[in-house]
Amino acid sequence: MKLEMKPIKIDRRLTGSSFIDEPLQQVIQFALRDYIQYWYYTLSEDESFLLEIRQTLQNALVQFSTRSKEVDWQPYFTTRLVDDFATHLRVFRKAQDRLGDREDKLRDITDDLMESFFEAEVEMERKICRDVVCTSHKDEEGFLRDLCELLLYLLLPPGDFHNKNMRYFLREVLARGVLLPLINQLSDPDYINQFVIWMIRDNSCNYEAFMNILKLTDKPAELEAVRDKVLEELQFLRSLDTAGDDINVIKNQINSLLFVKKVCETRIQRLQSGKEVDAFKLAANFGKLCVIPLDHILVHNIALQFFMDFMQAAGAQAELFFWLTVEGYRVTAQQQLEAMQSWQKDGKKQPSDTKGLLKAAALGVYEQYLSDKASPRVQVDEASLTRLGEKLRKDDPTPEIFDEIQRKVYDMMLRDERYYPSFKQSPLYVRMLAELDMLKEPSYRGSDDGDGESFNGSPTGSINLSLDDLPNSCHDESMHLHAFISDTGVCNDHGKTYALYTITVVRRNQDGSEDAWKTYRRYSDFHDFHMRITEQFENLASILKLPGKKTFNNMDRDFLEKRKKDLNAYLQLLLNPEMVKACPTLIPYVYDFLENKAYSKGKGEFARKIDTFVNPLRSSMRNVSNAVKAFPDSLAEGVTKVSDNMGRMSEKLGQDIKQSILKVPPILPKSEIDPEHCRVSAQLDDNVDDNIPLRVMLLLMDEVFDLKEKNQWLRRNIKNLLQQLIRATYGDTINRKIVDHVDYLTSPEQVADYVKRFRDSYWPNGILAETPPRRDKNIRMRTRVAAKTSLLGIMPDELKHIIGADTTRKGILRVFDMFQYQPMNRRLVYVFLEGFLETMFPQYKFPELFVKLHSRSPRIHRYNQKLKSTSLKR
């Protein structure tokens, strides 16, 4: 007799969402088939065991799904996740700093870096070190088994959990079949680099970023891989049989590739010979440094930071301090007096204390910097001080009350050899130029023509013609010139995309005949031309207005049409007969610009960059003023806060700026622990307004770009600019957008998409994927270069304007370098996993459990012994 088995009915519902359940059931089926069934059927044909395993696994998933729906994921994604990433970056930065002064820079430092990294982690976490889990396969498998067994205890009914056979099977499937392969892939540097390229696939490769990466890399293997690919491409291009127009295109490509090859070989030679050039020292000793005027420095966020540091070292911070304070006072006084006038005009009752507050603020500035009690005191002549004192006693305060002394302080900073002249000769000045991206590097061509200029001009190259060489006789006033933009196109030259405007030009000669031609100009050509003529003819600056630059979506069709219209209006105003009559010497410049030839840029690279970096911020001088003033937006609103002591407001103003000049951090509760040895979130200012994106951006920017090394004035200014940027971009709905995005990321449709991607990655076409062979070293090295180029290329110019070009590059490359070491990546994956579980099961003591699991590390015992010995010595 054969006993018939009763069929076991399995409820296939798991999460309550059909979107998720279908791919999840397939994952379960594939996992059971490939990890259990293939050996189980050699032992028995009884399927009840397999069905019970499936039922048990489904019960665990149902419990997991139910619990995940009860969790508010917003704090995890907006705070915990970012804090974990930023803290990981801080540990990496500390490890890098410890090895930064090594002499042999070519030696492989991976082992030393790992050692330093996990030592820094112990100092940060104090009770946890994940080095054993991240570097030992045996210990890692043991950790995952313990973790999976704990999860099964939480998710399974007691009867299923106490069935040891069932529990061990599920534990092994989860630990070794699911989690371990997933962690291996997520921590693979090559996979991360490919993922970065895929994420930024919509952005075209930036030629300038690519060349910067080649010049900055210290890995000969990367340069050799790029050079080998260049040689391969050169061989292919030279083998082509072409004629006509194609030959010019191929020649341009060959020239570009030869230049890249030259850059790679030069850099490899320098690295291998140990004669690496320090760009800062080279520029300071031999280079021709760009000269930035003092008035530009005082209104530029980044440049001012370096000048502040220099003035502090020179013991003259009071002078700069006073100049900035007066700027803040002037802006505030103008705002309040304008408000008073509008109140009077509208017949409204005006606050009676406004003038009193302004006078108290003015007296505070005087006492802080100019009185006999001031320490340090600004040195100015006694006659000026006497006149100022009489004005303060007799007259109502005006915005211009300090102007005379401020001008004298400015002249002193400008002309005194101890200040601005010495600053231009200091290393700080060279570092400032590097941050502004104005530090000229040694040319790879053996000349001073720079290495990228030919790619930034017109496609046909650059022809150096002087305006003085143009015959004046051909520019008779009786000639008439008409020009308009007839077409707009998008070009791609050496990987750089830009818009090209077709200008149709018609010239009517004296004999009545007409000449017509077309010329092609980029926006940068218009920009250089505009700078050239407005500098030569200052009165044109208020009449001619060139359309502004745009960083994002500047190849959008609608935007290009609008710019074409605006540039046409610019041309028509330029060619207006009244304009020609008023400014006849302008004609040669216009002819030179509109001639059918490559436009000879009258401005060099420095002039274009100084215009890009300084002029927009000069017009927004109020940013500096807002950063250095401590007044409320409306003094009327702050009356109650300062009524007890009028002078306290101006005293706070002085102390606030003095604190930033002297790099004194904000007053925080004292702690015996070095802030650098804490998690990032431990230093997050709880007084910051409850603004999720601002908190997140400040947290990340502090670590990525190491802003804590900057002075407090710059940090405060960055915060103000970020607030303005967020509000200008998203308005007051940004928090709602963040929450909505988190809801979207955790929606059933998105979760189903994650499951499908997991399924298709591990079981493509329903078949268990084989472990892919390790990719060729040259391919991996080129992928590294491509990933770095992509990251550097997407950095907006606005960010460089706020924190500096050199700091931006270093920060981005630091993040990239962090992901190039698999043990470190494993540590980050485990940190994310631990945070996820602590969020998922807050009622259980997961933090204490992880402390126990990770306390097996020998480094924990050594660290505790070190602490004990230190405490005994005290």
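Counting from 1, residues in each chain are numbered in the order their sequence is written. In view of the model being predicted, local features appear only for residues whose pLDDT reaches at least 70, and side-chain atom pairs are presented and counted only at 80 or more, with totals across whole chains, interfaces and linings using the full set of residues. Computation of side-chain values: all heavy atoms of the structure, hydrogens and water removed.

**Focus on the overall build of the chain**
Line of reasoning, step 1. A run of H or I in DSSP becomes a helix once it reaches four residues, and a run of E becomes a strand once it reaches two; helices and strands are each numbered from the N terminus. Scanning the chain from N- to C-terminus turns up 41 helices and three strands.
Line of reasoning, step 2. Exposure classes here rest on a 1.4 Å probe applied to the protein chains alone. A residue is buried below 20% of its type maximum, exposed above 50%, and partly exposed in between. Put simply, the chain has 874 residues, and 47% of those count as buried.
Line of reasoning, step 3. Shrake-Rupley sampling with a 1.4 Å probe provides the accessible areas, and residues are treated as covered by the protein chains on show and by no other component. As displayed, the chain offers around 46700 Å² of accessible surface, 52% of which is attributable to carbon and sulfur atoms.

**Describing a negative patch on the surface**
Line of reasoning, step 1. Judged by side-chain charge, Glu45, Asp46, Glu47 and Glu52 come together as a negatively charged surface patch.
Line of reasoning, step 2. Of note, Glu52 is situated in helix α2 (residues 48-70). Two distance rules govern patches: like charges are joined within 9 Å, and nonpolar side chains (Val, Leu, Ile, Met, Phe, Trp, Tyr) within 5 Å, applied only to residues with over 30% relative accessible area and no salt bridge. Basic side-chain nitrogens of Lys or Arg form a salt bridge, by our definition, when they fall within 4 Å of a carboxyl oxygen of Asp or Glu. The positive count covers Lys and Arg only, the negative count covers Asp and Glu only, and His and the chain ends enter neither. For charged residues, the charge sits on one atom: NZ in Lys, CZ in Arg, CG in Asp, CD in Glu.

**Details of the pattern of salt bridges**
Line of reasoning, step 1. A full pass over the atoms with the stated rule returns 47 salt bridges.
Line of reasoning, step 2. Between Asp146 and Arg856 there is a salt bridge, with its nearest N and O atoms 3.4 Å apart. Of this pair, Asp146 sits in helix α6 (residues 137-155) while Arg856 sits in the loop between α40 (846-854) and α41 (858-873), and the two are 710 residues apart along the sequence.
Line of reasoning, step 3. Note that Lys408 and Asp381 form a salt bridge whose closest N and O atoms lie 2.9 Å from each other. Taken together, the residues span a long stretch of sequence, with Lys408 in helix α19 (residues 403-415) and Asp381 in the loop between α17 (354-369) and α18 (382-394) at a distance of 27 residues.

**Some words on the packing of aromatic side chains**
Line of reasoning, step 1. Pairing of aromatic rings covers Phe, Tyr and Trp, the last counted by its six-membered ring, and requires centre-to-centre distances within 6.5 Å; plane angles under 30 degrees mean stacked, over 60 mean edge-to-face, and any other angle means tilted. Counted according to the given criterion, the structure contains 33 aromatic pairs.
Line of reasoning, step 2. Summarising the aromatic geometry, the rings of Trp39 and Tyr40 are spaced 6.3 Å apart at their centres and angled 75 degrees between planes, so their arrangement reads as edge-to-face.
Line of reasoning, step 3. Residue class for Trp39 comes out partly exposed when judged on its relative accessible area of 24%.
Line of reasoning, step 4. A residue is classified by how much of its surface remains accessible, and Tyr40, at 10% relative accessible area, is buried.
Line of reasoning, step 5. Here the aromatic rings of Trp73 and Phe77 are separated by 6.4 Å at their centres, their planes lie at 55 degrees, and the arrangement is tilted.
Line of reasoning, step 6. On the basis of relative accessible area, Trp73 is assigned to the buried category, the value being 12%.
Line of reasoning, step 7. Classification of Phe77 as partly exposed rests on a relative accessible area of 28%.
Line of reasoning, step 8. Look at NZ for Lys and CZ for Arg. If either is within 6 Å of the ring centre and within 35 degrees of the ring normal, a charge sits over the ring. We note Arg521 situated over the ring of Phe593; from NZ or CZ to the ring centre the distance is 5.4 Å.

**Considering unusual backbone geometry**
Line of reasoning, step 1. Cis geometry marks the peptide bond from Ser375 to Pro376; its omega dihedral reads -5 degrees.
Line of reasoning, step 2. Locating Pro376 in the fold gives a position in the loop between α17 and α18.
Line of reasoning, step 3. Look at Arg126: it is not a glycine, yet its phi comes out positive at around 70 degrees.
Line of reasoning, step 4. The class for Arg126 is partly exposed, based on a relative accessible area of 31%.
Line of reasoning, step 5. If you check the backbone angles, Asn765 has positive phi at about 55 degrees while not being a glycine.
Line of reasoning, step 6. Topologically, Asn765 is positioned in the loop between α35 (748-762) and α36 (777-793).
Line of reasoning, step 7. What makes Asn765 exposed here is its relative accessible area of 79%.

**Points about helix α11 (residues 220-238)**
Line of reasoning, step 1. Expected span of a helix: the number of residues minus one, times 1.5 Å. For α11, which comprises 19 residues, the first-to-last C-alpha distance of 27 Å matches the rise-based estimate of 27 Å (1.5 Å per residue) to within 8%.
Line of reasoning, step 2. Regarding α11, the residues found buried are Pro220, Glu222, Leu223, Ala225, Val226, Val230, Leu234 and Leu237.

**A short note on the packing of helix α23 (residues 523-536) against helix α24 (residues 557-574)**
Line of reasoning, step 1. All axes here are fitted lines through C-alpha atoms, helices being fitted over the stretch that makes contact, and every angle between N-to-C directions spans 0 to 180 degrees. Relative to each other, α23 and α24 sit at 35 degrees, their axes nearing to 13 Å. Note on packing geometry: the crossing formed by α23 with α24 is left-handed. Contacts between α23 and α24 involve Tyr523, Phe526, Phe529, His530 and Ile533 from the first element and Arg563, Leu567, Tyr570, Leu571 and Leu574 from the second.
Line of reasoning, step 2. Looking at the contact of α23 with α24 residue by residue, the class counts come to eight nonpolar, one polar and one charged. Note on convention: near helix rotated counterclockwise from far helix by under a right angle means a left-handed crossing. Clockwise means right-handed. It only takes one pair of heavy atoms within 4.5 Å for two residues to be counted as in contact. Residues are grouped as follows: Ala, Val, Leu, Ile, Met, Phe, Trp, Tyr, Cys and Pro are nonpolar; Asp, Glu, Lys and Arg are charged; every other residue, Gly included, is polar.

**Remarks on α2**
Line of reasoning, step 1. With 23 residues, α2 extends 33 Å from end C-alpha to end C-alpha; this agrees with the ideal 33 Å at 1.5 Å per step.
Line of reasoning, step 2. Those residues of α2 not exposed but buried are Ser48, Phe49, Leu50, Ile53, Arg54, Thr56, Leu57, Gln58, Ala60, Ser65 and Arg67.
Line of reasoning, step 3. Residues of α2 that are buried in the fold lie against α1 (18-40), α6, α7 (158-161), α8 (164-186) and α39 (822-840).

**Comments concerning the confidence of the model for the chain**
Line of reasoning, step 1. Predictor confidence is given residue by residue as pLDDT, running from a minimum of 0 to a maximum of 100. In the predicted model, the chain carries a mean pLDDT of 76, and the fraction of residues at 70 or more is 74%.
Line of reasoning, step 2. Mean pLDDT across the elements of the chain bottoms out in helix α30 (residues 639-642) (28) and peaks in α39 (94).
Line of reasoning, step 3. Of the regions scoring below 50 in pLDDT, residues 442-479 engages in 69 contacts with residues more than four places distant in sequence or in other chains.
Line of reasoning, step 4. Throughout residues 603-672 the model reports pLDDT below 50, and contacts reaching past four residues in sequence, or to other chains, amount to 135 contacts.

**A word on the side chain of Asn193**
Line of reasoning, step 1. Mapped onto the secondary structure, Asn193 falls in helix α9 (residues 189-199).
Line of reasoning, step 2. Its relative accessible area of 2% is what places Asn193 among the buried residues.
Line of reasoning, step 3. Excluding residues that lie within four positions of it along the chain, Asn193 makes contacts with Thr783, Arg784, Ala787, Phe816 and Gln820.

**A word on the state of the cysteines**
Line of reasoning, step 1. Disulfides are defined in this document as cysteine sulfur pairs within 2.5 Å. Tallied over the entire structure, the rule returns zero disulfides.
Line of reasoning, step 2. Just so you know, Cys134 is unpaired, no disulfide at all, and the nearest cysteine sulfur is the one on Cys129, 8.4 Å from it.

**Quick notes on a nonpolar patch on the surface**
Line of reasoning, step 1. Together, Phe195, Trp198 and Met199 give the surface a local cluster of nonpolar side chains, amounting to about 320 Å² of exposed area.
Line of reasoning, step 2. Turning to its location among the elements, Phe195 is positioned in helix α9.
Line of reasoning, step 3. Assessed through its relative accessible area of 39%, Phe195 is described here as partly exposed.

**What to know about the environment of Phe841**
Line of reasoning, step 1. For Phe841, the position within the fold is in the loop between α39 and α40.
Line of reasoning, step 2. For Phe841, a relative accessible area of 4% corresponds to the buried category.
Line of reasoning, step 3. Separated by 687 residues in sequence, Phe841 and Leu154 have C-alpha atoms that sit 9.2 Å apart.

**Structural notes on the environment of Leu258**
Line of reasoning, step 1. When you line up the elements, Leu258 lands in helix α12 (residues 245-273).
Line of reasoning, step 2. With relative accessibility at 34%, the residue Leu258 sits in the partly exposed group.
Line of reasoning, step 3. Measuring from C-alpha to C-alpha, the distance between Leu258 and Leu231 comes to 8.7 Å, with 27 residues separating the pair along the chain.
Line of reasoning, step 4. Those residues in contact with Leu258 that lie beyond four places of it in its chain are Leu234 and Arg238.

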